[in-house]
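Understanding the architecture of this molecule
Chain by chain, the residues run as shown.
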Amino acid sequence: MNSAGSATPHRRLRRGRSLWADSAGITVPHTPLDVDVVREVIDDVVVVGTGISGALVAHALMASGRAVTMLDRRPPMSGSTMASTALLQFEIDLPLHRLARKIGWPAATRAYQRSVRAVQDLTSLVRHERIRCAFGARESLYLAGDAYGARALAAEVEARERAGVPGAFLSASTVRSRYGIARTGAIASTGSATADPAQLTAGLLRRIVVRGGRILSGVNVTGVESDTHGVELTTANGPRVFANQVVFCTGYEVPRRVPTRDHRIRSTWAMASAPNAVFPAWLARTVVWEASDPYLYLRTTADGRLIAGGHDEDAPSAYTIEDRIAVKTRGIRDGIRSLLPDTRFRVSHAWGGAFGESTTALPLIDRLPGTRHTWVVAGFGGNGITCSMIAAQVIAAALQGARDPDAALFMLR
């Protein structure tokens with residue numbers, strides 16, 4: 001559903017009940033905008049969006065000395081963050097050797113190396129800030145499928161070795177003996193992680209508020225005017241917002257001025273089991289994903305839940321169809337049992353949501369077309385939290401008058 005009076009489309013970003021809605025410690029102090037009191041909001045930097053992208057960007061900006069106000073038409077974390085399954089991987093949706101065909105070897109290499117670094121930097125951030133979000137390092141197992149078979153995965157490992165990116169090719173016999181899975185091959189790598197995305201986002205937002213940042217909810221931005229002096233935002237509520245810089249971190253509600261040729265919205269689904277599911281011991285330290293269509297990805301939690309997702313559709317609003325969650329959940333559940341026949345679990349949560357991706361599978365981090373002081377962060381694909389970390393670093397550098405060495409990789413084209 002689009003709202004013609006908004007600077008970004010207004011979508012129902014998820015349906016069903018996410019596991020993270022039941023997480024402990026996810027309250028965030030915020031102030032509903034009182035139009036009888038507030039006539040203008042003036043600050044150095046305004047970040048639009050209070051999900052994981054906005055939280056990471058605002059946190060990085062405040063760490064660099066900027067004053068920040070965050071705006072959202074919803075309460076904090078009420079959008080796509082709750083639909084995440086929080087597989088924090090460096091692997092981009094497009095394999096390295098395929099990405100190189102699109103953007104060239106040097107750029108593809110830098111993109112993968114930057115993604116590896118982003119997971120490392122996110123790990124350091126969580127530890128430094130002591131955010132309790134069930135964060136843990138994981139290995140990754142990428143299984144051959146009907147999209148990329150064993151030969152393609154072997155070529156991918158060769159490309160990774162050349163680029164200095166983690167990954168080892170496993171033969172069919174090794175995959176069977178080590179994991180009990182019948183596939184023609186796989187890539188095993190280190191450098192991934194998992195987390196509770198609601199707790200991670202809430203932890204960042206609380207630290208932003210403690211350090212002087214403001215979070216205003218119920219603010220629907222309807223217009224953006226940028227000139228040499230800064231940015232003026234108009235709102236449906238009435239108050240105007242003035243800032244030196246504005247960053248739109250609105251996830252899959254992409255600002256209308258972003259060229260649609262670079263970005264598309266799809267539908268995705270996920271499920272979580274009840275605690276104490278029965279699964280192989282190695283799965284507790286490994287995230288699994290497959291090169292298939294439809295594909296499946298899988299992780300676990302400390303209390304013994306299975307979390308899985310996939311079975312995406314190109315239709316941008318298919319996830320909003322009421323009975324589609326049940327259908328997709330059965331498909332995901334059956335996929336788990338086909339892959340790992342000895343698993344035993346009961347589904348406790350199931351949900352669907354929007355899923356945005358760019359044509360290169362890289363995030364879009366750039367100035368909003370036609371503006372000088374307005375930025376957009378979008379197009380994350382299946383690697384949202386990792387890409388959000390990159391966006392925070394690129395935006396923070398740009399607003400300090402510097403240029404991130406990899407910024408050109410993520411520009412709007």
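Relevant structure appears above.
None of the values given here were measured: they were computed from a predicted structure. (Residues numbered from 1 in each chain as written. Predicted model: local features only at pLDDT ≥ 70, side-chain atom pairs only at ≥ 80, totals over all residues. Heavy atoms only, no water.)

1. Quick look at the pattern of salt bridges
Per the counting criterion, the structure on display carries 17 salt bridges. Here Arg110 and Asp406 are joined by a salt bridge, their closest N and O atoms 3.1 Å apart. Highlighted residues: Arg110 in helix 3 (residues 105-129) and Asp406 in the segment after helix 8 (384-399), separated in sequence by 296 residues. Asp406 sits in the buried class, given a relative accessible area of 11%. A salt bridge links Glu129 to Arg211; the shortest N-O distance between them is 2.7 Å. Placement of the pair is Glu129 in helix 3 and Arg211 in the loop between helix 6 (197-210) and strand 9 (214-217), with a sequence separation of 82 residues. Through salt bridges that share partners, Arg110, Arg114, Asp404 and Asp406 make up one connected network. (Salt bridge = Lys/Arg side-chain N within 4 Å of Asp/Glu carboxyl O. Helix = DSSP H or I, 4+ residues; strand = E, 2+ residues; numbered from the N terminus. Buried < 20%, exposed > 50% of the residue type's maximum accessible area, 1.4 Å probe, protein only.)

2. Describing the nonpolar core
Counting 88 residues, the largest nonpolar core has Val47, Leu61, Val247 and Ile395 as its most contacted members. The residues contacting Leu61, other than those within four sequence positions of it, are Val45, Val47, Arg66, Val68, Ile395, Ala396 and Leu399. (Core = buried A, V, L, I, M, F, W, Y, C linked by side-chain atoms within 4.5 Å. Contact = heavy atoms within 4.5 Å.)

3. Considering the packing of helix 2 (residues 96-103) against helix 3
Relative to each other, helix 2 and helix 3 sit at 135°, their axes nearing to 7 Å. Between helix 2 and helix 3, the crossing angle belongs to the class labelled oblique. The two elements helix 2 and helix 3 meet at a crossing, and its hand is right-handed. Contacts between helix 2 and helix 3 involve Leu96, Leu99, Ala100 and Ile103 from the first element and Trp105, Ala107, Ala108, Thr109, Ala111 and Tyr112 from the second. Class assignment for the residues of the contact of helix 2 with helix 3 results in nine nonpolar, one polar and no charged. (Axes fitted to C-alpha atoms, helices over the stretch in contact; angles between N-to-C directions. Parallel < 35°, antiparallel > 145°, perpendicular 65-115°, else oblique. Left-handed = near helix turned anticlockwise from the far one by under 90°. Nonpolar A, V, L, I, M, F, W, Y, C, P; charged D, E, K, R; others polar.)

4. Notes on the environment of Arg207
Relative to the elements of secondary structure, Arg207 occurs in helix 6. Discounting residues that sit within four places of it in the chain, Arg207 has contacts with Glu129, Arg130 and Ile131.

5. A closer look at unusual backbone geometry
Residue Asp293 is joined to Pro294 through a cis peptide bond whose omega torsion reads 0°. Examined against the element boundaries, Pro294 turns out to sit in the loop between strand 14 (286-290) and strand 15 (296-300). Phi is positive for Met77, close to 65°, though the residue is something other than glycine. Position of Met77 among the secondary structure elements: in the loop between strand 4 (68-72) and strand 5 (87-88). Exposure remark for Met77: the relative accessible area of 5% places this residue in the buried category. Although it is not a glycine, Ala361 adopts a positive phi angle of roughly 70°. Position of Ala361 relative to the elements: it lies in the loop between strand 17 (347-358) and strand 18 (364-367).

6. Re helix 8
Residues lying three or four places apart along an α-helix face the same way, a consequence of the helix completing one turn every 3.6 residues. Helix length check: helix 8 (16 residues) gives 22 Å between terminal C-alpha atoms against 22 Å at 1.5 Å per residue, within 8%. For helix 8, the tally of buried residues reaches 14 of 16 residues, placing the bulk of the element in the interior. One or two positions beyond helix 8, positive phi appears at Gly401, with a value near 85°. (Expected span 1.5 Å × (residues − 1).)

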